[in-house]
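Notes for the structure review
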Amino acid sequence: MTQDAVVTRVFPNGLAEVAVTRGTACGSNCGNCESCAFQNELKAIAKNTVHATPGEKVVIESVSSRIFSAAFLLYIVPFIALFIGYAIAAVNALSEGMCILVSFAAFALAVAVVVVYQRINKRKKPITFEITQLR
């Protein structure tokens, strides 16, 4: 996965801090709706293999499988837990309201487990970026 970025700082150990502008779901036209609740610029540390200097526009690359697996865990696993929770409650002949309550509890539990897992995994094996070319 590649993205455009701007080098903000260079470290002596061959790493650089880069600022990546995150796109929005509405097409990056925030002047129209002004409802973006999230920061649209992210900072990351990347291997500076091309010896970029602060202010230069660069292309950074990361391993796509790590990003896709993190997205799968965060977005898909909780919904699978929601349906499994409902099915388990239905098999146990609980009322419709209880089935819904159990399914939402399973969803919330799955979200909590995934968030904790991602935080632990981020410390052990973070997603790494590398500056591959200058723009």
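Rules behind the numbers
Residues numbered from 1 in each chain as written. Predicted model: local features only at pLDDT ≥ 70, side-chain atom pairs only at ≥ 80, totals over all residues. Heavy atoms only, no water. Helix = DSSP H or I, 4+ residues; strand = E, 2+ residues; numbered from the N terminus. Buried < 20%, exposed > 50% of the residue type's maximum accessible area, 1.4 Å probe, protein only. Contact = heavy atoms within 4.5 Å. Areas by Shrake-Rupley, 256 points an atom, 1.4 Å probe, with all protein chains shown as cover. Patch = residues over 30% accessible without salt bridge, like charges linked within 9 Å, V, L, I, M, F, W, Y side chains within 5 Å. Salt bridge = Lys/Arg side-chain N within 4 Å of Asp/Glu carboxyl O. Pairing = 2+ DSSP bridges. pLDDT = per-residue confidence, 0-100. Expected span 1.5 Å × (residues − 1). Arc of directions from axis to C-beta. Polar contact = N/O pair within 3.5 Å; in protein donor to acceptor, adjacent residues only side chain to side chain.

**A word on the overall build of the protein chain**
The helix and strand inventory of the protein chain stands at four helices and five strands. Evaluated residue by residue, the protein chain yields a buried proportion of 19% over its 135 residues. For the protein chain, the proportion of contacts with a sequence separation of at least 24, taken over those separated by at least 6, is 71%. Surface exposure of the protein chain reaches about 9400 Å², of which carbon and sulfur atoms provide 63%.

**Points about a nonpolar patch on the surface**
Taken together, the side chains of Phe72, Leu74, Tyr75, Ile76, Ile80, Ile84, Ile88, Val111 and Val115 make up a nonpolar region of the molecular surface, amounting to roughly 770 Å² of accessible area. Listed by contribution, the elements that provide at least two residues to the nonpolar patch are helix H2 (64-75), helix H3 (77-91) and helix H4 (96-124). Within the secondary structure, Leu74 is located in helix H2. For Leu74, a relative accessible area of 39% translates into the label partly exposed.

**Details of the environment of Leu134**
In this fold, Leu134 is placed in strand E5 (residues 129-134). It is 9.7 Å that separates the C-alpha atoms of Leu134 and Ala5, two residues lying 129 residues apart in sequence. Those residues in contact with Leu134 that lie beyond four places of it in its chain are Val50, Ala52, Glu56, Lys57 and Val58.

**Section: the pairing of strand E1 (residues 2-10)**
Bridging between E1 and strand E4 (residues 57-62) involves five bridges; their strand directions are antiparallel. Counterpart to Ala5 in the pairing with E4 is Val58. Relative to strand E2 (residues 15-21), E1 runs antiparallel, the two being bridged by four bridges. Its bridge partner being in E2, Val10 is matched across the sheet by Ala16. Count of turn residues in the E1/E2 antiparallel hairpin: four residues, of which Gly14 carries a positive phi of about 85°.

**Some points on the confidence of the model for the protein chain**
Of the residues in the protein chain, 87% have a pLDDT of 70 or more, and the chain-wide mean is 84. In the model of the protein chain, helix H1 (residues 30-33) stands out as the element of lowest mean pLDDT, 56, in contrast to H3, which has the highest, 96.

**As for H3**
It helps to recall that an α-helix has 3.6 residues per turn; residues three or four apart then point in one direction. Its 15 residues give H3 an end-to-end C-alpha distance of 21 Å, which sits within 8% of 21 Å, the value for a rise of 1.5 Å per residue. Along H3, the positions that sit buried rather than exposed are Pro78, Ala81, Leu82, Gly85 and Ala89. An end-on view of H3 places all buried positions within 105° of arc, on one side of the element. With respect to the buried face of H3, the exposed residues turned more than 90 degrees away are Phe83 and Val91. In this fold, the buried residues of H3 make contact with H2 and H4.

**Considering the side chain of Glu17**
Looking at where Glu17 falls in the secondary structure, it is placed in strand E2. Polar contacts involving the side chain of Glu17 include one to the side chain of Thr8, which spans 2.8 Å.

**Some words on the environment of Ser64**
Mapping Ser64 onto the fold places it in helix H2. Residue classification places Ser64 among the partly exposed residues on the basis of a relative accessible area of 25%. Considering only alpha carbons, one finds Ser64 and Thr2, 62 residues apart in sequence, at a separation of 8.7 Å.

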